[in-house]
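# Structural overview
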Amino acid sequence: MVNAMVALDRVELRRGGRVIVGPISLRLGGEGITMAMGPNGAGKTTLLRALHGLERVSSGQIHWDEDARALRERQAFVFQTPILMRRSVLDSIAYPLRLRGVRRGAARERAAECAENVGLRVSLRKDVSTLSGGEKQKMALARALIMDPALLFLDEPSANLDGRSTREIEEILDHFRARGTRIVMSTHDIGQARRLADDVVFMHHGHLVEQAPSAAFFDAPQSQQAKAYLQGDIVI
Ligand SMILES: Nc1ncnc2c1ncn2[C@@H]1O[C@H](COP(=O)(O)OP(=O)(O)OP(=O)(O)O)[C@@H](O)[C@H]1O
């Protein structure tokens, strides 16, 4: 297990003629669950996407530690709105394995196990387009987990889920953290953040406002913006 994972050095992302994130400098360690928090439009999704390599950085640098290379070779992203393919649930989950040349029978067998692990209790022969929002999210999580990722990004993974499904997802994430999966995720669910986070990155208007271990952040947030956000007030 690595002790440090990634350092952002004055990273800025500009889109449409304006800065949407940055400049941000921060360092993330190599273990546990980092929770990106902050109001709508704070830049959480953009930050996660940039870390996953989906967004071009306009200036500054993202330095991955030498030891983090092994993590990066096995990374996955669960999007807020799952990407759907015109396939059955089983074949959608199996898809990443099929892409890597795993035979259909073996890939489907593993896909069924992953569906079971995330509590996806539907017929796996169904077309994914017929799933409910929460079921689609679980399908997306199963599809990410089938690769047994070492580094997992999740953008509000339980935004569409009811309480029970949310807890099921949290148990799964807990389980993967315990197995050493490094998780970086975002949520607006403060209860979820308290339950899961090891450390918090709090953003506002594209800037990093605060970064702290979870207990310190929730017990004694330092910034007015974080205090307001945690109290459910409007963040100015
Ligand atoms: N491709 C883009 N072009 C222009 N602006 C963008 C682009 N992507 C994101 N933005 C803007 O950047 C800002 C940050 O967006 P982002 O989705 O990262 O925020 P967020 O913290 O994840 O928000 P939410 O909690 O609402 O999901 C927003 O103002 C958004 O409109």
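What this report covers is the structure whose coordinates are included nearby. (Residues numbered from 1 in each chain as written. Predicted model: local features only at pLDDT ≥ 70, side-chain atom pairs only at ≥ 80, totals over all residues.)

### Notes on the site of the ligand
The line we're drawing: By definition, a residue lies near a molecule or strand when the C-beta atom built from its backbone is within 6 Å of it. Segments assigned H or I by DSSP are reported as helices when at least four residues long, segments assigned E as strands when at least two residues long, and all are numbered from the N terminus. Just so you know the grouping, Ala, Val, Leu, Ile, Met, Phe, Trp, Tyr, Cys and Pro go in nonpolar, Asp, Glu, Lys and Arg go in charged, and all remaining residues, Gly too, go in polar.
Every residue lining the ligand is accounted for by Arg15, Gly16, Ile20, Gly38, Asn40, Gly41, Ala42, Gly43, Lys44, Thr45 and Thr46. Per-element accounting of the shell around the ligand gives the leading share, three residues, to helix α1 (residues 44–52). Looking at side-chain class alone, the shell around the ligand contains two nonpolar, seven polar and two charged residues.

### Details of the sheet that holds strand β6 (residues 151–155)
Applied cut-off: We treat two strands as partners when DSSP finds at least two bridges between them. Fitted lines through C-alpha atoms serve as axes, helices being fitted only where they are in contact, and the angles separating the N-to-C directions of these axes extend from 0 to 180 degrees. Any residue pair is listed as a contact if its two C-beta atoms, each placed from the backbone, are within 7 Å.
The sheet built from six strands is open, its strands ordered β5-β6-β7-β3-β8-β9 with mixed pairing. Strand pairing shows two members of the sheet lacking a second neighbour, β5 (75–78) and β9 (207–213), which therefore form its edges. Taken over all neighbouring pairs, the strand axes of this sheet differ in orientation by 15 degrees on average, direction set aside. Relative to strand β7 (residues 182–186), strand β3 (residues 33–37) runs parallel, the two being bridged by four bridges. Residue Ile33 lies in a different strand from β7, and its bridge partner there is Ile183. Across the sheet, helix α6 (residues 163–178) lies against β3, β6 and β7, angled at about 145 degrees from β7, the strand it touches most.

### Observations regarding the packing of helix α3 (residues 89–99) against helix α5 (residues 133–145)
To keep things clear, this is the line we draw: Left-handed describes a crossing whose near helix is turned anticlockwise from the far helix through less than a right angle; right-handed describes the clockwise counterpart.
Running from N to C, α3 and α5 cross one another at 35 degrees; their axes reach a closest spacing of 7 Å. α5 is crossed by α3, and the crossing has right-handed handedness. Only Met139, Ala142 and Arg143 of α5 make contact with α3, whose side of the interface consists of Val89, Ser92, Ile93, Tyr95 and Pro96.

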